[in-house]
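Breakdown of the fold
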Amino acid sequence: MTAVAIDANRLWERIEALSRITDPDRPWTRRSFSPLFLKGREWLVSEFRAGGLETTVDAAGNLVGRLDGSDPHLKPIVIGSHSDTVPSGGRYDGILGVLAGLEVAQSLVERGERLRHPLEIYDFLAEEPSEFGLSCIGSRALAGMLSASMLDLRRPDGMSLREGLAYVGGDPESLASVKRSPDGTAAYVEVHIEQGRVLEQEGTAIGIVTDIVGIHRERITVKGRADHAGATPMPLRADALVGAAHIVGTVYARALADSNKPLVATIGKLDVLPNAANAVPGEVEMVLEVRCGDEAATRTFGKTLIEEVRPSLEALRLEVQAEPVSHASPTPCAPVVRDAIRAAASSLGLSSRDLPSGAGHDGVFVALTGPIGMIFVPCRDGRSHAPEESIEPHQAADGARVLFETVRRLDATLG
Ligand code: HGY
Ligand code: MN
Ligand code: MN
């Protein structure tokens, strides 16, 4: 099998073009379910079609481009990622995988090379935590794990996720049409920036992901009493933010002490009520996120945290409660896909190494429908989910070339 040249310039121009569809005041922001997200999608649809792909939005709001295979009995090989971003970050996080997928498909079309398997390029809906509090919405639906209660989630302006799906062109009443059987996908491969420093520090071109970390999220609510900030003496206050600050400090200390697992825990979202300079905070709602390769550890962290902090909060006249938001199990990548990535990198003369992913990805849910794998490329200083996130054009091209060779190998070997 001879190596093929994807069009590296076209790939980079597309990455630049899509990344610039951003909130100008908060680069790089293209939040799911926003008008900007739809603008990005509109651009993607025209690029997918220009690339020769039959393109639709499925019931779960995923954008899907498709090339038929030569054998109608084979399940599709799926490639892609996501086009939504976190606030003020994510210039390459997600779009690299979508556009590398498009580049591979378009290169196949231009070469007149037809795979045995159908090839599907996915822009999964809302991989990042959305304003509904839920992440990986489109890939969850593929696995049949987008539940009715999740559709009832509401974002702060009152829109339900059910309405949100319709807003992006999905059909919440037809989610069953999206669900795949446990062997419904021949293989899933995603190119992504590493979001860490390992590859850059070693000078390694390609990371072969061994497993994707488990992520557990809980909503913690601290209830006190809102009062006048001038007229309420200190001993009479029930200041929910003081309790929340105690929880934030305790989360940090506990995770630090636990770091040999490794386990990481973050409170990155916090809403204060009434959030006024002259009011004692009456209620704080925050999201605790725990990540670890050990699934039990992700679940028990929040439970033991609340037990530990409750006496201190009671002494502050505060109530605390926690409820689950989402849970994603640690997910191994399949040996068959990892081997194909390794062979692909080697055939292209690119250095590679195995490494785990501390970030979550849609592959966690796609894995419930078939074997998955991920191709990582380095990013500058390992920075991600920050405006400084940066990669070089040749790193994007390396990812796309390895994806191309991986897909061809999987197409030749998988039934
Ligand atoms: O949160 C994550 O790990 C991913 O970047 N969505
Ligand atoms: Mn991300
Ligand atoms: Mn991502």
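Given the structure is predicted, the values throughout are model-derived calculations rather than measurements.

1. A word on the coordination of the manganese ion (ligand 3)
Surrounding the manganese ion (ligand 3) are the protein donor atoms His-82 (NE2), Asp-93 (OD) and His-192 (NE2), at 2.0 to 2.2 Å. The metal-metal distance between the manganese ion (ligand 3) and the manganese ion (ligand 2) comes to 3.7 Å, with Asp-93 coordinating both. In this pair, His-82 sits in strand β3 (residues 77-82) while His-192 sits in strand β5 (residues 187-193), placing the two residues 110 residues apart along the sequence. Take His-192: its relative accessible area is 1%, and that puts it in the buried class.

2. Structural notes on the packing of helix α3 (residues 95-111) against helix α12 (residues 393-413)
At a closest axis distance of 9 Å, the pairing of α3 and α12 adopts a crossing angle of 55 degrees. On the basis of their axis angle, the class for α3 and α12 is oblique. Crossing angle aside, the handedness with which α3 passes α12 is right-handed. Residues Leu-96, Ala-100, Gly-101, Val-104, Ser-107, Leu-108 and Arg-111 of α3 pack against Ala-396, Ala-400, Leu-403, Phe-404 and Arg-408 of α12.

3. So, the packing of helix α1 (residues 8-19) against α3
Interaxial distance between α1 and α3 falls to 10 Å at its minimum, and their mutual angle equals 140 degrees. Accordingly, the angle class assigned to the pair α1 and α3 is oblique. Once α1 is placed against α3, the crossing between them reads as right-handed. Together, Arg-10, Leu-11, Arg-14, Ile-15, Leu-18 and Ser-19 of α1 and Ile-95, Leu-96, Leu-99, Ala-100, Leu-102, Glu-103, Gln-106, Ser-107 and Glu-110 of α3 make up the contact between the two elements.

4. Focus: the site of ligand 1
Around ligand 1, the neighbouring residues are Asp-93, Glu-127, Glu-128, Gln-195, Arg-291, Ala-359, Gly-360 and His-385. Between ligand 1 and His-385, the relevant distance is 3.0 Å, taken from an oxygen atom to a side-chain nitrogen or oxygen of the residue. When the free accessible area of ligand 1 is taken as 210 Å², the share hidden by the protein chains comes to 95%. Looking at side-chain class alone, the shell around ligand 1 contains 1 nonpolar, 3 polar and 4 charged residues.

5. Quick word on a nonpolar patch on the surface
On the surface, a cluster of nonpolar side chains totalling about 200 Å² of accessible area is made up of Leu-241, Val-248 and Leu-270. Counting through the fold element by element, Val-248 comes out in helix α8 (residues 240-257).

6. Things to note about the coordination of the manganese ion (ligand 2)
With distances of 2.0 to 2.1 Å, the protein atoms coordinating the manganese ion (ligand 2) are Asp-93 (OD), Glu-128 (OE) and His-385 (NE2). As a motif over one chain, the donors of the manganese ion (ligand 2) read D-x34-E-x256-H.

7. Brief notes about the nonpolar core
Ranked by internal contacts, the top residues of the largest apolar core, which has 57 residues, are Ile-15, Leu-99, Leu-119, Ile-206, Val-402 and Leu-403. Per-element tally for this core: the top contributor is α3, with 9 residues. Setting aside chain neighbours within four positions, we find Leu-99 in contact with Leu-11, Arg-14, Ile-15, Leu-18, Trp-43 and Leu-44. If you look at the next biggest cluster of nonpolar residues, it comprises 39 residues, including Val-78, Met-159, Tyr-188 and Val-366.

8. Side note on the domain arrangement of the chain
Each domain of the chain was delimited in the assignment, giving domain 1 (8-213 + 330-413) and domain 2 (214-328). Taken together, the 13 residues of domain 1 in the interface contact 10 residues of domain 2. Summing the contributions of domain 1 and of domain 2, the shared interface buries around 850 Å²; its carbon and sulfur component is 59%. Seen at the junction of domain 1 and domain 2, the total is 0 salt bridges. Counting every contact that joins domain 1 to domain 2 gives 2 residue pairs in polar contact (both at pLDDT 80 or more). For the side of domain 1 that touches domain 2, the per-class residue count stands at 8 nonpolar, 4 polar and 1 charged.

9. Let's talk about the packing of aromatic side chains
In total, this model carries 4 aromatic pairs according to the counting rule given. Ring centres 5.9 Å apart and planes at 70 degrees place the aromatic pair Phe-124 and Tyr-188 in the edge-to-face group. Here Phe-124, found in strand β4 (residues 119-124), pairs with Tyr-188, found in strand β5; they are 64 residues apart in sequence, far enough to count as distant. Through a chain of ring-to-ring contacts, the aromatic side chains of Tyr-122, Phe-124 and Tyr-188 assemble into a single cluster. Over the ring of Trp-28 we find Arg-91; its NZ or CZ atom is 3.8 Å from the centre of that ring.

10. Let's talk about the sheet that holds strand β9 (residues 263-273)
If you walk across this open sheet you meet the 4 strands as β9-β11-β7-β12, and the pairing is antiparallel. On the outer flanks of this sheet lie β9 and β12 (319-328), each paired with one strand and no other. Between one strand axis and the next, the sheet turns by 20 degrees as a mean value, whatever way the strands run. Both strand β7 (residues 214-223) and β12 contribute to a ladder of 9 bridges, which runs antiparallel. For His-216, the partnering residue across the bridge sits in β12 and is His-327. Lying on the sheet, α8 is in contact with β7, β9, β11 (283-292) and β12; it crosses β9 at an angle near 170 degrees. Contacts between helix α9 (residues 295-315) and the sheet are confined to β7, β9, β11 and β12, with β11 contributing the most and set at about 145 degrees to the helix.

11. As for α9
An α-helix turns once per 3.6 residues; consequently, residues spaced three or four apart project the same way. At Val-309, α9 shows its maximal kink, close to 40 degrees; a proline, Pro-311, follows between one and four residues later. Along α9, the positions that sit buried rather than exposed are Ala-297, Thr-298, Phe-301, Gly-302, Leu-305, Ile-306, Val-309 and Leu-313. Residues of α9 that are buried make contact with β7, α8, β9, β11 and β12. Here α9 starts with a cap whose side-chain oxygen sits 3.1 Å from the backbone nitrogen of Ala-296, and that cap is Asp-294. A positive backbone phi angle near 65 degrees is found at Arg-317, which sits one or two residues after α9.

12. Here we look at the pairing of β4
Judged by how many residues are buried, β4 sits mostly within the fold: 6 of 6 residues are covered. Residues Leu-119, Ile-121 and Asp-123 of β4 are buried on one face, and the alternating residues Glu-120, Tyr-122 and Phe-124, pointing to the opposite face, are buried as well. Of the pairings in the sheet, the one linking strand β2 (residues 63-67) to β4 comprises 5 bridges and is antiparallel in character. Across the sheet, Leu-63 pairs through a bridge with Asp-123, a residue of β4.

What counts and what doesn't
Residues numbered from 1 in each chain as written. Chains lettered and ligands numbered in written order. Predicted model: local features only at pLDDT ≥ 70, side-chain atom pairs only at ≥ 80, totals over all residues. Heavy atoms only, no water. Donors = N, O, S within 2.8 Å, 3.2 Å for Na, K, Ca; no water. Helix = DSSP H or I, 4+ residues; strand = E, 2+ residues; numbered from the N terminus. Buried < 20%, exposed > 50% of the residue type's maximum accessible area, 1.4 Å probe, protein only. Axes fitted to C-alpha atoms, helices over the stretch in contact; angles between N-to-C directions. Parallel < 35°, antiparallel > 145°, perpendicular 65-115°, else oblique. Left-handed = near helix turned anticlockwise from the far one by under 90°. Contact = heavy atoms within 4.5 Å. Near = heavy atom within 4 Å. Polar contact = N/O pair within 3.5 Å; in protein donor to acceptor, adjacent residues only side chain to side chain. Areas by Shrake-Rupley, 256 points an atom, 1.4 Å probe, with all protein chains shown as cover. Nonpolar A, V, L, I, M, F, W, Y, C, P; charged D, E, K, R; others polar. Patch = residues over 30% accessible without salt bridge, like charges linked within 9 Å, V, L, I, M, F, W, Y side chains within 5 Å. Salt bridge = Lys/Arg side-chain N within 4 Å of Asp/Glu carboxyl O. Core = buried A, V, L, I, M, F, W, Y, C linked by side-chain atoms within 4.5 Å. Domains from an automatic or database assignment. Buried area = accessible area lost by both parts, 1.4 Å probe. Phe/Tyr/Trp six-rings, centres within 6.5 Å; stacked < 30°, edge-to-face > 60°. Lys NZ or Arg CZ within 6 Å of the ring centre and 35° of its normal. Pairing = 2+ DSSP bridges. Bend = angle between axes of the 7 residues up to and from the residue.

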